[in-house]
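Chain by chain, the residues:
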Amino acid sequence: MSSPSRLRYPQDLIKRGMGALSPNLQRIRSQVQNGAISKEEGIEQGNRILEEHYEKQVVIINKFVEKKGLIGITGRETVLKEALEEAKAAWKEIIIEASEAWKLKQVAIGVISFTALTLVEQKKIVEPRKLEALKKIVEQKKREKELETLIEEALKKTQKSIPQRVDSLTQVFNHRIVNNSLKVIAPTNNAKWMKWILHPERSKTGPCPICTANAAGGRNGYYRVTWFTPMMPVHPHCVCEWEIWFGEPDLGIDEVERSILLLNAHQARYRPLIR
Ligand SMILES: [Zn+2]
């Protein structure tokens, strides 16, 4: 089979490859947040899911690449392993936060039930002091309500941000695996260049300044496989992708090359007649 002249990883494979990664991690996250499992169990179970996803993705990527007559990845390459380590570190932070939210809830429940207990006891107060006690109860109830509202608000904030972070973790992780794989696949298959592809049509807000700069960086968006290349994705929901170029792309004349040519022409024109 002849090799292609350029290669992009299909978007539908990326989407399908995501599988149930996010729902599975969300399930563990909410179990920690509800106190059903411990922080340690949450970290361990999540790490296992991340590793399984990683292995599965490596197989899917290889199946695609080998169909094109190219050499795939082993999954043990440093850039790829880094993506896994990065995801595990992000996951650990999320679980710690989920566990803190659970602790906060426990403390809150403790405080509220303690207040309720005090109220019950106060009702036993003897007749002459009844009015005073009632006043106290009203005051206490007001404070209890305030506390409840504060706790509710704090929890809502945490619970809202944690699931979002799980989502962005899964997206970034999956994109890193794919794009870091391409970074390995390109040189192993003797490709010369990689091109940063922007997809303005795929986002409502348009590409971010960093992505735009990267798409114009290197040599007009083309990066030699031996060069330092920016990390992809740049941010969650980044839709940029690498395109592998096996041949020499038509780059036009490079600015540096052009200035050397101009300088040569200039020197040629004004070459001293007598040396
Ligand atoms: Zn981007």
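What counts, and where the lines are drawn
- Residues numbered from 1 in each chain as written.
- Predicted model: local features only at pLDDT ≥ 70, side-chain atom pairs only at ≥ 80, totals over all residues.
- Core = buried A, V, L, I, M, F, W, Y, C linked by C-beta atoms within 7 Å.
- Buried ≥ 20, exposed ≤ 12 C-beta atoms within 10 Å, placed from the backbone.
- Helix = DSSP H or I, 4+ residues; strand = E, 2+ residues; numbered from the N terminus.
- Domains from an automatic or database assignment.
- Contact = placed C-beta atoms within 7 Å.
- Axes fitted to C-alpha atoms, helices over the stretch in contact; angles between N-to-C directions.
- Parallel < 35°, antiparallel > 145°, perpendicular 65-115°, else oblique.
- Nonpolar A, V, L, I, M, F, W, Y, C, P; charged D, E, K, R; others polar.
- Pairing = 2+ DSSP bridges.
- Expected span 1.5 Å × (residues − 1).
- pLDDT = per-residue confidence, 0-100.

**Student:** Honestly, the nonpolar core in this entry has me stumped. Any pointers?
**Tutor:** As a rule of thumb, soluble globular proteins bury nonpolar side chains together. Of all hydrophobic cores here, the largest spans 47 residues; its most connected members are I185, M194 and I244. Of all elements in the fold, only α2 (21-33), α3 (39-67), α4 (78-122), α5 (130-188), β2 (193-197) and β4 (241-245) reach the threshold of two or more residues within this core. Ranked by residues supplied to this core, first place goes to α5 with eleven residues. Taken together, domain 1 (1-190) and domain 2 (191-275) each give at least three residues to this core, which thus spans both. Filtering out sequence-adjacent residues up to four positions away, I244 remains in contact with R6, L7, L182, I185, A186, A191 and M194.

**Student:** Would you mind going over the packing of α2 against α3 with me for this structure?
**Tutor:** Axes are the key here: two packed helices are described by the angle between their axes and the distance separating the axes. Contact geometry of α2 with α3 gives a least axis separation of 9 Å together with a crossing angle of 175°. Considering the angle they form, α2 stands roughly antiparallel to α3. Side by side, α2 and α3 meet where L21, N24, L25, I28, Q31 and V32 of the first sit next to K39, G42, Q45, G46, I49 and H53 of the second. Classifying every residue of the contact of α2 with α3 by side-chain character gives five nonpolar, six polar and one charged.

**Student:** Hey, could you run me through the sheet that holds strand β3 (residues 222-224) in this one?
**Tutor:** As a general point, the strands of a sheet are linked pairwise by backbone hydrogen bonds and lie either parallel or antiparallel. The strand order β1-β4-β2-β3 describes an open sheet built from four strands, whose pairing is antiparallel. Looking along the sheet, the strands with just one partner apiece sit at the ends: β1 (6-8) and β3. The average angle at which neighbouring strand axes cross in this sheet is 30°, direction not considered. By the bridge criterion, three bridges tie β2 to β3 in an arrangement that is antiparallel. By the bridge assignment for β3, M194 is matched with Y223.

**Student:** What should I look at first to understand the environment of T170 in this one?
**Tutor:** One can find T170 in helix α5. When the C-alpha positions of T170 and W91 are compared, they lie 9.6 Å apart, and in sequence the two are 79 residues distant. Excluding residues within four positions of it along the chain, T170 makes contact with M18, L21, S22 and L25.

**Student:** How do you make sense of the pairing of β4 when you look at a structure like this?
**Tutor:** Consecutive side chains along a regular strand alternate between the two faces of the sheet. Summarising burial for β4: four of the five residues are buried, a large majority. As paired elements, β1 and β4 share three bridges and run antiparallel to each other. Within β4, the residue paired with L7 across the bridge is I244. As paired strands, β2 and β4 are joined by five bridges and run antiparallel to one another. Note that in β4 the partner of W196 across the bridge is W242.

**Student:** It is not clear to me how α3 should be interpreted in this structure. Could you clarify?
**Tutor:** Along an α-helix, a turn takes 3.6 residues, which lines up residues three or four apart on a common side. Taking 1.5 Å of rise per residue, the 29 residues of α3 would be expected to cover 42 Å, and the 42 Å separating its terminal C-alpha atoms lies within 8% of that figure. Taken residue by residue, α3 has G42, G46, L50, H53, Q57, I61 and V65 as its buried positions.

**Student:** What is the right way to read α2 from this model?
**Tutor:** Compared with an ideal rise of 1.5 Å per residue, which puts 13 residues at 18 Å, α2 spans 18 Å between its outermost C-alpha atoms and is within 8% of the ideal. Looking one or two residues beyond α2, the residue adopting positive phi is G35, at roughly 80°.

**Student:** Where do I start with the environment of N34 in this structure?
**Tutor:** Note that N34 resides in the loop between α2 and α3. The class of N34 is exposed, set by 12 C-beta atoms lying within 10 Å. When the C-alpha positions of N34 and A101 are compared, they lie 8.8 Å apart, and in sequence the two are 67 residues distant.

**Student:** Mind showing me how you'd approach the confidence of the model for the protein here?
**Tutor:** Atomic detail in the predicted coordinates should be set aside for any region of low pLDDT. Here the protein averages 83 in pLDDT, while 80% of its residues score no lower than 70. Within the protein, α3 carries the highest mean pLDDT (97), whereas helix α7 (residues 255-269) carries the lowest (54). For residues 268-275, every residue scores under 50 in pLDDT, and the model assigns this stretch zero contacts once sequence neighbours within four places are set aside.

**Student:** I would appreciate a short explanation of unusual backbone geometry in the present structure.
**Tutor:** Most peptide bonds adopt trans geometry, and most residues besides glycine take a negative phi value. The amide bond that connects M232 to the next residue, P233, takes the cis arrangement and shows omega of 0°. In this structure, P233 sits in the loop between β3 and β4. Although it is not a glycine, N190 adopts a positive phi angle of roughly 60°. Its place among the elements puts N190 in the loop between α5 and β2. According to the C-beta neighbour criterion, N190 is exposed, with 11 such atoms within 10 Å. The backbone phi angle of H237 is positive, close to 70°, even though this residue is not glycine. Counting through the fold element by element, H237 comes out in the loop between β3 and β4. By C-beta crowding, H237 is classed as partly exposed, having 15 other C-beta atoms within 10 Å.

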